[in-house]
Amino acid sequence: MMKRKILVDADACPVAAEICRVARNVEMEAAFFSDRHRILNLPDGAIVTYINPGPQAVDLALWHAAAPGDIAITQDHGLACLLLGKKVTVVTPSGMIINDRNIEGLIERRHLAMKERRRGRRTRGPRPFSLEQRERFVRNLEKVARGKDDVEGN
């Protein structure tokens, strides 16, 4: 059996240091995927894969590297949907676990917001990242990595 990994969509990830710390604590590999134009400053032990620029190139590289049982960190609902099909656990940087019960609603909201923007209407962006979200993320990532189901806020 292959060792489980934590795969990170690193282009907009505010919790990289926390991921590395949890990965060390649970003895998992932390693999970060990023566009070549973004240089990541990560703690020792983090594995970084830089991808040539292109539409969805980072997402596709992460998806190809994923295996059942892995954990992926991403805010991208489209990528999350693809990863769920590979039996990968998906966690957002705010600590939300994306699963088969909530992905449809998330994709639908993303689609509706995109339609509004195409019509020239402004949609709300994400709220500023909070300490509470960071702490929830760490708690939920640790629980998922240890195989526990009692995650918060789903």
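Keep in mind it's a predicted model, so treat the numbers as computed, not measured.

**Details of the packing of aromatic side chains**
Working step 1: Tallying each qualifying case throughout the model produces 0 aromatic pairs.
Working step 2: We note Lys86 situated over the ring of Trp63; from NZ or CZ to the ring centre the distance is 4.2 Å.

**Notes on the packing of helix 2 (residues 57–65) against helix 3 (residues 77–85)**
Working step 1: Between helix 2 and helix 3, whose axes approach to 10 Å, the crossing angle comes to 15°. Regarding the angle of helix 2 to helix 3, the classification is roughly parallel. Handedness of the crossing formed by helix 2 with helix 3: right-handed. Contacts from Asp59, Leu62 and Trp63 in helix 2 reach Leu79, Leu82 and Leu83 in helix 3.

**Points about the pattern of salt bridges**
Working step 1: In this structure the tally under the stated criterion is 2 salt bridges.
Working step 2: Of the charged contacts in the structure, one is a salt bridge between Asp70 and Lys5, with a shortest N-O distance of 2.9 Å. Placement of Asp70 in the loop between helix 2 and strand 4 (71–73) and of Lys5 in strand 1 (residues 5–9) is noted, with a sequence separation of 65 residues between them.
Working step 3: Exposure remark for Asp70: the relative accessible area of 1% places this residue in the buried category.
Working step 4: Residue class for Lys5 comes out buried when judged on its relative accessible area of 13%.
Working step 5: With its nearest N and O atoms 2.9 Å apart, the salt bridge here joins Glu18 to Arg134. Here the residue Glu18 occupies a position in helix 1 (residues 16–26), and Arg134 occupies one in helix 5 (residues 131–145), the gap between them amounting to 116 residues.

Each value, and the rule that gives it
Residues numbered from 1 in each chain as written. Predicted model: local features only at pLDDT ≥ 70, side-chain atom pairs only at ≥ 80, totals over all residues. Heavy atoms only, no water. Phe/Tyr/Trp six-rings, centres within 6.5 Å; stacked < 30°, edge-to-face > 60°. Lys NZ or Arg CZ within 6 Å of the ring centre and 35° of its normal. Axes fitted to C-alpha atoms, helices over the stretch in contact; angles between N-to-C directions. Helix = DSSP H or I, 4+ residues; strand = E, 2+ residues; numbered from the N terminus. Parallel < 35°, antiparallel > 145°, perpendicular 65-115°, else oblique. Left-handed = near helix turned anticlockwise from the far one by under 90°. Contact = heavy atoms within 4.5 Å. Salt bridge = Lys/Arg side-chain N within 4 Å of Asp/Glu carboxyl O. Buried < 20%, exposed > 50% of the residue type's maximum accessible area, 1.4 Å probe, protein only.

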